[in-house]
Amino acid sequence: NKHSERLRKFKNKGKDAAALRRQRVEVNIELRKAKKDEQILKRRSISFSLMDESLSLGEEKRNEVIQLSLEEIVEAVNGSNTELQLQATQATRRMLSRQKDPPINQILELGIIPRLVEFLTHADNAPLQFEAAWALTNIASGTSDHTKAVVEGGAIPAFISLLSSQHMHISEQSVWALGNIAGDGPLYRDALINCNVIPPLLALVSPVTPVGFLRNITWTLSNLCRNKNPYPPLDAVKKVLPVLICLMEHEDKDIISDSCWAVSYLTDGSNDRIQIVVDTGILPRLVELMASPELIIMTPALRAIGNVVTGTDEQTQAAIDAGVLAVLPCLLRHAKPTVQKEAAWTLSNIAAGPCQQIQQLITSGLLPPLVELLDKGDFKAQKEAVWAVANFTTGGTVEQVVELVQSGVLKPLLNLLLAKDSKTILVILDTISNLFLAAEKLGETERLCLLVEELGGLEKIEALQTHDNNMVYRAALSIIEKYFSGE
Amino acid sequence: MELSDANLQTLTEYLKKTLDPDPAIRRPAEKFLESVEGSQNYPLLLLTLLEKSQENVIKVCASVTFKNYIKRNWRIVGILVEDEPNKICESDRIAIKANIVPLMLSSPEQIQKQLSDAISIIGREDFPQKWPDLLTEMVNRFQSGDFHVINGVLRTAHSLFKRYRHEFKSNELWTEIKLVLDAFALPLTNLFKATIELCSTHANDASALKVLFSSLILIAKLFYSLNFQDLPEFFEDNMETWMTNFHSLLTLDNKLLQTDDEEEAGLLELLKSQICDNAALYAQKYDEEFQPYLPRFVTAIWNLLVTTGQEVKYDLLVSNAIQFLASVCERPHYKHLFEDQNTLTSICEKVIVPNMEFRAADEEAFEDNSEEYIRRDLEGSDIDTRRRAACDLVRGLCKFFEGPVTGIFSGYVNSMLQEYAKNPSVNWKHKDAAIYLVTSLASKAQTQKHGITQANELVNLTEFFVNHIQPDLKSASVNEFPVLKADGIKYIMIFRNQVPKEQLLVSIPLLINHLQAESIVVHTYAAHALERLFTMRGTNNTTLITAAEMAPFVEVLLTNLFKALTLPGSSENEYIMKAIMRSFSLLQESIIPYIPSVITQLTQKLLAVSKNPSKPHFNHYMFESICLSIRITCKANPDAVGSFEEALFLVFTEILQNDVQEFIPYVFQVMSLLLEMHKNEIPSSYMALFPHLLQPVLWERTGNIPPLVRLLQAYLERGANTIASAAADKIPGLLGVFQKLIASKANDHQGFYLLNSIIEHMPPESVDQYRKQIFILLFQRLQNSKTTKFIKSFLVFINLYCIKYGALALQEIFDSIQPKMFGMVLEKIIIPEIQKVSGQVEKKICAVGITKILTECPPMMDTEYTKLWTPLLQALIGLFELPEDDTIPDEEHFIDIEDTPGYQTAFSQLAFAGKKEHDPVGQMVNNPRIHLAQSLHKLSTACPGRVPSMLSTSLNAEALQYLQGYLQAASVTLL
């Protein structure tokens with residue numbers, strides 16, 4: 001197979017497809033605000049559910065006059081009067097549940113967390129268990145330090161054993177608390193997994209589980225799949241995955257959304273991780289969900305598929321076979337810039353594949369929306385579209401490159417040489433070089449030169465010869481020298 | 001060195017000496033300083049001097065010396081270059097970093113600038129990791145309230161952060177930016193607000209305002225740098241503050257800040273200009289977040305444009321502002337901001353038209369600085385001009401509103417033309433604006449080669465041409481209204497592909513006539529327009545305008561062109577010379593009657609400019625014209641070559657004797673052309689020159705190498721026998737040139753050109769004694785530095801050798817250098833690298849050579865080399881069928897750049913002195929694949945059974961299939 005290996009090397013000029021495919025995270029540092037469309041890592045329980053309201057209504061009346069100070073809370077919690085314990089825990093929970101500025105730090109400083117954790121084990125006092133679980137859930141929803149305090153108070157085993165509580169609301173509250181702990185990061189996620197959280201958690205999923213409860217479980221499961229460095233252990237993933245696949249068939253959109261998020265995390269990694277997901281045969285369902293009108297479903301489904309196509313040619317082919325190319329045009333034209341961007345990123349990775357896949361991309365009518373995006377899209381999406389074109393010109397056959405040019409890619413591509421982003425400019429210049437290589441093979445160099453000049457590209461490339469970035473100016477210079485110097 | 005008064009004194013003395021105009025005093029002092037700069041405390045002594053010296057010149061000198069010292073030495077290169085130790089010891093580094101910021105801030109401006117530069121050099125290396133307190137130190141100064149200090153900090157920050165504008169995203173970079181944002185963004189925002197407040201409290205204090213506005217400019221620049229890579233969370237959260245203030249600054253005016261200077265932009269203009277850039281950055285990159293603010297900025301910038309004057313000092317601001325509008329109006333979701341007919345009319349009327357007017361400054365340039373004017377107007381170096389920005393805005397608006405915009409402007413054009421008609425001598429500028437407007441409206445795509453290639457269909461270009469352009473050019477006086485003449489000629493030039501051919505033919509005599517205009521711009525444009533018309537392509541890939549159509553004008557054309565070269569200011573006008581070249585090329589043999597006069601004028605010109613060559617393009621076209629004269633004439637009459645030699649050799653000798661470096665490469669090319677024109681044995685005049693061409697000094701200059709090699713190749717082609725018989729003592733010199741060339745990575749291919757010519761043309765016995773030495777030299781170079789380029793040339797050479805001397809001779813010469821060498825070359829070089837050979841002829845040479853090795857070299861069949869037979873065959877089939885391997889190892893990417901000398905010595909190849917590609921294999925082998933099949937067949941008949949068995953054991957299936965194809969095509973079978 002040396003022959004095809006060399007041919008491939010030639011085609012991609014030393015870069016193999018894996019190098020062309022760009023994983024999601026190039027840079028771990030973010031300057032931007034946390035993305036609004038990301039799944040929430042931790043949640044606080046503010047108004048819990050109807051059940052709680054009805055439950056607390058009665059209490060509210062009873063306790064109306066009782067206002068406990070922080071000192072009184074400490075005293076009561078540490079005391080032995082179960083009635084007072086419940087009152088104090090409830091007061092704590094209520095403070096932590098208020099809409100604005102919950103006093104998590106103040107509560108933390110009271111040092112009552114170990115005691116609250118202890119209450120979780122009071123199987124004979126379900127109301128106390130519940131209030132403590134709720135309060136701890138909300139503490140764990142805070143910063144990493146807050147979560148840490150809860151974990152160090154010994155909450156993990158306590159919550160795990162409460163999963164099997166006979167009181168559904170306690171079990172549900174524990175699911176939530178565990179979700180917050182898992183959401184903190186890979187360390188606690190794995191601590192939970194090592195404490196064997198998965199079997200009792202999965203046991204809660206049944207056809208009769210109420211939807212609200214199921215949403216919480218799905219969300220917690222997704223947090224158990226989340227985060228890299230390291231990834232969640234493989235055997236845990238293998239246990240969770242079949243359940244996620246079932247949940248994805250549910251009719252509730254939050255459940256579908258969170259299970260999609262979970263799968264998107266599982267695919268955000270090395271190719272063997274992707275393979276595990278591909279092997280479940282879930283890709284067609286994911287593609288179907290990508291076309292969902294619900295943003296909360298489409299976003300994670302698109303992510304998951306986007307991740308799959310960062311994998312091997314075969315994995316990408318599986319996504320293509322599942323119909324991803326039919327759905328992408330619509331997403332590339334989506335009104336939301338982040339969706340455009342994600343779709344374009346996905347496309348760029350498909351375009352990094354072998355020419356057979358590029359051909360499928362053409363046949364599925366993806367060039368027109370790609371060109372549109374390049375022309376009119378949001379800048380974030382335009383950047384990804386530029387990558388798509390670059391990869392296309394690196395791996396595509398001469399005929400395919402001709403088709404690309406005929407679809408009008410050149411004008412918007414050259415316009416983007418004015419982009420205020422050095423990398424994008426460099427990628428465009430590389431793409432232009434690729435186009436010229438193709439033109440040379442066809443003996444059409446001169447025509448391409450004229451086209452580039454006509455479309456205002458030449459003067460832009462000339463101007464880039466004074467760009468401050470070394471690589472940009474060198475690339476510009478080399479194009480000018482090769483194709484535009486002399487008569 | 002200790003930090004002692006004595007040392008300070010010594011250093012002062014030496015610094016003083018470095019300022020001495022006498023090199024005998026200056027140089028040793030510089031040497032001394034360089035010799036002590038590695039000592040500890042040296043930089044601290046300099047810092048002490050620049051702070052405390054009694055004499056200002058010493059302070060400044062110390063600061064400059066310090067900056068240069070930092071520039072040379074701060075970066076620790078030890079990892080890359082082992083011999084260069086770290087010259088600045090750690091304690092000095094720490095001391096410098098601890099003291100430099102306060103020192104910079106308390107210094108007078110002249111020294112502050114040097115220290116600020118030094119800080120950014122240090123910062124580039126040490127910030128942030130190794131200089132963690134720098135930011136805090138800087139930010140703390142914001143509180144000082146002293147704007148001299150604050151501006152110093154801001155300037156330093158700007159020089160530290162401006163690289164964020166062009167560097168690639170990386171973890172390292174973004175970590176740094178995040179750190180800067182955390183420490184800097186809030187204080188900068190507070191400073192911004194405070195400064196704006198101070199501006200209103202000091203609204204009546206001119207000198208305070210100046211300082212405050214300098215701060216605002218720097219703050220606005222820092223905003224740009226910090227927001228460039230991505231939209232930082234902080235700035236997203238504080239967008240309201242920044243954008244509201246930017247917006248109000250755009251609308252602000254204060255008489256105290258207005259400057260009297262017409263040319264230089266004032267603080268207010270600089271600030272507004274930067275704000276336009278900031279708004280454009282947000283509009284382009286962070287559209288989603290910026291959308292709520294954008295309409296306000298559009299309005300403000302548009303108002304700004306309406307109220308800004310025509311003075312040159314506003315040019316940058318105006319062009320930035322227009323470019324902002326141009327980029328916004330193209331975006332679909334902002335279309336509505338421009339849609340309204342009143343808005344469009346007002347933009348056209350108040351923004352576009354005024355900025356297209358021919359200003360006093362343009363008129364001045366047209367008359368007094370025509371070269372600059374031509375460059376701007378013709379060659380598109382007008383990127384920052386108002387006219388250009390206005391054109392871009394027209395194009396941007398036409399994307400969605402072509403109809404309405406064309407309508408509005410048509411009305412305008414008509415009214416301006418009417419104004420002109422009323423009183424041309426007063427109102428000619430109105431017509432200029434009208435022509436410019438039509439041009440910018442009509443042109444949708446343009447190239448130098450073809451002019452406008454796509455035009456607005458709503459504009460009738462031919463009608464405008466006939467009614468408004470031609471009448472101007474037909475007027476009796478070529479010197480009246482020169483600007484309008486230039487406009488008219490330019491119109492023909494750029495719309496040459498839209499205007500019908502019969503109109504172009506009508507224009508040609510008019511253009512020829514305008515070669516006589518006194519205005520440099522006008523006759524230059526006329527020459528340029530003619531040159532462009534002559535390059536236009538018609539059907540059948542011929543020129544659009546034929547020599548026959550030009551016949552009536554040949555004499556007047558040539559006369560006017562050469563006469564134009566005598567007009568004041570145009571004696572070395574490159575456009576005219578290029579038009580001469582193009583005319584020759586178009587007219588071909590119809591110029592022959594005029595050649596005697598032409599060549600006289602050209603040689604006179606050559607002689608004149610060779611005294612002081614200053615216009616490279618002019619010179620280049622002049623030599624091209626000479627080459628064309630030779631080619632055209634000698635094609636009709638080969639014997640004419642003698643008369644050219646007679647006319648030219650005298651000047652050439654002078655050029656060579658005076659060593660006119662710019663011209664020598666050209667002279668060699670013309671001589672090569674002349675020599676190649678000779679059909680018989682080489683003339684003695686050339687042989688007399690031969691020894692001189694081998695002089696090492698000529699080969700020192702890179703620009704000489706290609707044409708000299710070419711010339712020597714011509715010598716070898718025409719006179720190999722003469723050299724062998726009459727100049728055999730020069731052969732070692734010739735080989736010396738070869739040896740020098742192949743030692744260089746940049747020139748080795750030239751060495752091979754020469755060597756290949758020697759092998760191909762010299763009688764074998766004349767080079768016999770040197771052959772082995774040649775191979776040894778090649779091997780030495782191979783061992784010392786093996787580059788892809790060298791390998792490619794080497795492969796071509798050994799295969800050519802094989803063709804010329806036979807495969808057996810090749811094998812023998814290798815094995816005579818070292819036993820089994822031939823096998824090693826096959827295995828390590830030919831088989832793995834042959835795929836890299838590029839070029840039709842080169843590939844053919846290699847194919848034929850390898851075929852010979854396979855089929856005409858007995859040791860390949862019956863020694864240990866036999867095991868290489870099939871791999872070699874497979875490599876050959878690969879050469880035929882696989883795509884060329886154009887990969888270059890990473891470490892070789894920069895070879896060419898580091899070895900390529902600067903522009904001035906670059907070689908300028910003459911297109912019309914070019915020679916056609918030479919194929920040494922020629923008709924001997926037409927189809928190398930068939931040739932391989934036939935040769936294999938011949939081999940198999942000589943030893944039946946062996947070839948098929950070698951093929952079946954180890955040739956891969958695909959290659960075998962190809963081979964069978966060749967055999968079939970050649971109708972032969974293997975026995």
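Residues numbered from 1 in each chain as written. Chains lettered and ligands numbered in written order. Predicted model: local features only at pLDDT ≥ 70, side-chain atom pairs only at ≥ 80, totals over all residues. Heavy atoms only, no water.

The name given to chain B in an unreviewed UniProt entry is Exportin-2, with Aptenodytes forsteri as the source organism. Check the Sequence similarities (unreviewed entry) section of the UniProt entry for chain B; it says "Belongs to the XPO2/CSE1 family." (UniProt positions renumbered as here; feature names shortened; annotations may be inferred.)

As recorded in an unreviewed UniProt entry, chain A goes by Importin subunit alpha-1 and comes from Aptenodytes forsteri. Taken directly from UniProt, the Sequence similarities (unreviewed entry) text for chain A runs: "Belongs to the importin alpha family."

## Notes on the overall build of chain B
Helix and strand counts for chain B come out as 50 helices and two strands. The dimensions of chain B, computed from C-alpha atoms along their principal axes, are 105 × 85 × 65 Å. Taken over 975 residues, chain B has a buried fraction of 54%. Expressed as a percentage of contacts within chain B between residues at least 6 apart in sequence, the contacts between residues at least 24 apart total 74%. By element, 51% of the accessible surface of chain B is carried by carbon and sulfur atoms, the whole surface being about 42,000 Å². Side chains of chain B carry 89 positive and 116 negative charges; the gap between the two charge centres is 3 Å. (Helix = DSSP H or I, 4+ residues; strand = E, 2+ residues; numbered from the N terminus. Buried < 20%, exposed > 50% of the residue type's maximum accessible area, 1.4 Å probe, protein only. Contact = heavy atoms within 4.5 Å. Areas by Shrake-Rupley, 256 points an atom, 1.4 Å probe, with all protein chains shown as cover. Lys, Arg positive; Asp, Glu negative; His and termini not counted. Charge placed at Lys NZ, Arg CZ, Asp CG, Glu CD.)

## Let's talk about the interface of chain B and chain A
The interface of chain B with chain A comprises 54 residues on the first partner and 41 residues on the second. A combined buried area of about 4,200 Å² lies between chain B and chain A, and 52% of that area is made up of carbon and sulfur atoms. On the chain B side of the contact with chain A, His166, Phe168 and Gln284 of chain B bury the most area, a combined 16% of that side's loss. Seen at the junction of chain B and chain A, the total is five salt bridges. Linking Glu459 of chain A and Arg388 of chain B is a salt bridge whose minimum nitrogen-to-oxygen distance equals 2.4 Å. Between chain B and chain A we count ten residue pairs in polar contact (both at pLDDT 80 or more) in total. Top element by residues in the side of chain B that touches chain A is helix α9 (residues 171-201) of chain B. It accounts for six residues. Taken together, the residues that form the side of chain B that touches chain A break down as 17 nonpolar, 13 polar and 24 charged. (Buried area = accessible area lost by both parts, 1.4 Å probe. Salt bridge = Lys/Arg side-chain N within 4 Å of Asp/Glu carboxyl O. Polar contact = N/O pair within 3.5 Å; in protein donor to acceptor, adjacent residues only side chain to side chain. Nonpolar A, V, L, I, M, F, W, Y, C, P; charged D, E, K, R; others polar.)

## Quick notes on the environment of Gln604 of chain B
Here Gln604 of chain B shows up in helix α30 (residues 595-609). A C-alpha to C-alpha distance of 66 Å links Gln604 of chain B and Gln291 of chain B, two positions 313 residues apart in sequence.

## A short note on the nonpolar core
Membership of the largest hydrophobic core comes to 351 residues, with the highest contact counts inside it found for Phe161, Phe184, Phe324 and Trp869 of chain B. Top element by residues in this core is helix α21 (residues 386-422) of chain B. It accounts for 15 residues. If sequence neighbours within four positions are ignored, Phe161 of chain B has contacts with Phe127, Leu135, Val180, Phe184, Leu222, Ser225 and Leu226 of chain B. Residues Tyr188, Ala322, Ala388 and Leu414 of chain A belong to the second largest nonpolar core, which totals 152 residues. (Core = buried A, V, L, I, M, F, W, Y, C linked by side-chain atoms within 4.5 Å.)

## A closer look at the confidence of the model for chain A
Residue and element names in this part refer to chain A. Across chain A, pLDDT averages 88, with 89% of residues at or above 70. Ranking the elements of chain A by mean pLDDT puts helix α1 (residues 2-11) last, at 39, and helix α18 (residues 283-290) first, at 97. Below pLDDT 50 for its whole length, residues 48-65 participates in 19 contacts with residues either more than four positions away or in separate chains. (pLDDT = per-residue confidence, 0-100.)

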